[in-house]
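Reading the structure
Single-letter residue listing:
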Amino acid sequence: MLEMTREEFEELVAEALDRIPPELTRLMDNVAVFVEDEPPADDPELLGLYEGTPLTERGEWYAGVLPDRITVYRGPTLRMCETREDVVAETEVTVVHEIAHHFGIDDERLHALGYG
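Described in the following lines is the structure provided in the data block.

About the criteria used
- Per chain, residue numbering runs from 1 following the sequence as it is written.
- Local features in a predicted model are, by the rule used here, given only for residues with pLDDT of at least 70; side-chain atom pairs are given and counted only at 80 or more, and totals for whole chains, interfaces and linings are based on all residues.
- Computation of side-chain values: all heavy atoms of the structure, hydrogens and water removed.
- Counting from the N terminus, the helices are DSSP H or I runs at least four residues long and the strands are E runs at least two residues long.
- Under the convention used throughout, the expected extent of a helix is 1.5 Å for every residue step, that is, one less than its residue count.
- Whether two residues touch is decided by their heavy atoms; if any such pair falls within 4.5 Å, the residues are in contact.
- Only protein chains enter the accessibility calculation, which uses a 1.4 Å probe; a residue is then buried when its area is under 20% of its type maximum, exposed when over 50%, and partly exposed in between.
- When DSSP finds two or more bridges between a pair of strands, those strands are recorded as paired.
- We define the nonpolar core as a collection of buried residues of types Ala, Val, Leu, Ile, Met, Phe, Trp, Tyr and Cys that are connected through side-chain atoms lying within 4.5 Å of one another.
- Here, a salt bridge means any Lys or Arg side-chain nitrogen found within 4 Å of an Asp or Glu carboxyl oxygen.
- Axis geometry follows a simple rule: fit a line to the C-alpha atoms, using only the stretch in contact for helices, then measure angles between N-to-C directions, giving values from 0 to 180 degrees.
- Relative orientations are named as follows: roughly parallel for angles under 35 degrees, roughly antiparallel for angles over 145 degrees, roughly perpendicular for angles from 65 to 115 degrees, and oblique for any other angle.
- Handedness of a crossing follows from how the near helix is turned relative to the far one, being left-handed for an anticlockwise turn of less than a right angle and right-handed for a clockwise one.
- Three classes are used: nonpolar for Ala, Val, Leu, Ile, Met, Phe, Trp, Tyr, Cys and Pro, charged for Asp, Glu, Lys and Arg, and polar for all others, with Gly counted as polar.

Our focus in this paragraph is helix 4 (residues 84–102). Under the 1.5 Å per step criterion, the end-to-end length of helix 4 is 27 Å for 19 residues, consistent within 8% with the ideal 27 Å. Residues of helix 4 that are buried in the fold lie against helix 1 (6–18), strand 1 (31–36), strand 2 (48–51), strand 3 (68–73), helix 3 (74–80) and helix 5 (107–112). After helix 4 finishes, the residue glycine 104 shows a positive phi value of roughly 90°.

The next point concerns the pairing of strand 3. Counted residue by residue, strand 3 has five buried out of six residues, so it is predominantly covered. Both strand 1 and strand 3 contribute to a ladder of six bridges, which runs parallel. Directly across from alanine 32, in strand 3, lies its bridge partner arginine 69. Judged from the four bridges that link them, strand 2 and strand 3 form a sheet pairing that is antiparallel. The partner of tyrosine 50 across the bridge, within strand 3, is isoleucine 70.

Ranked by size, the top nonpolar core spans 17 residues in total, and within it Met4, Phe9, Val13, Val87, Val95 and Ile99 carry the most contacts. Going through the elements one at a time, helix 1, strand 3 and helix 4 are the ones with two or more residues in this core. For this core, the element with the most residues is helix 1, which contributes four residues. With residues up to four places along the chain from it excluded, the contact list for isoleucine 99 reads Leu17, Ile20, Met28 and Ile70.

We now examine the pattern of salt bridges. The tally for this structure, following the rule as stated, stands at eight salt bridges. The salt bridge involving glutamate 10 is made with arginine 6; its shortest N-O contact spans 3.0 Å. One end of the pair is glutamate 10 and the other is arginine 6, both in helix 1 and four residues apart, which spans about a single turn. With a relative accessible area of 34%, glutamate 10 lands in the partly exposed category. We classify arginine 6 as partly exposed; its relative accessible area is 26%. The residue aspartate 37 makes a salt bridge to arginine 6 at a minimum N-O spacing of 3.4 Å. Of this pair, aspartate 37 sits in the loop between strand 1 and strand 2 while arginine 6 sits in helix 1, and the two are 31 residues apart along the sequence. Through salt bridges that share partners, Arg6, Glu10, Asp37 and Arg74 make up one connected network.

Mapping threonine 77 onto the fold places it in helix 3. Among all residues touching threonine 77, those that are not within four sequence positions of it are Phe9, Leu47, Val87, Glu90 and Thr91.

Let's shift gears to the packing of helix 1 against helix 4. Two elements in contact, helix 1 and helix 4, have axes separated by 9 Å at closest approach and are oriented at 55°. As the angle between them shows, helix 1 and helix 4 are arranged oblique. The way helix 1 lies across helix 4 gives a crossing that is right-handed. Contacts from Phe9, Leu12, Val13, Ala16 and Leu17 in helix 1 reach Arg84, Val87, Val88, Thr91, Glu92, Val95 and Ile99 in helix 4. Looking at the contact of helix 1 with helix 4, its residues break down into nine nonpolar, one polar and two charged.

Written out as structure tokens, the structure reads:
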């Protein structure tokens, strides 16, 4: 398994977020991004997870709720990648994939776009 500290991995996630075009990040609303070491035990290969209400499903009722949560998992990412460059690329794909869920884009469409 490739070695990388949590701090290094968090920096890669931050850099991936910085590469999201500003016109998209301005549209993101009430969402927080986290890094965790491992995903839930029932899905040990999960690289990222979006939890919340996509922008496309929010209505007038949407007020005073906790932020949506995007989590990127360090362990499975490092286990599947062979080089630091692989980790950079996979982290970017994972971040884009989870942000796309925030915008209401489903897995089928993301896979078709190469972000599966």
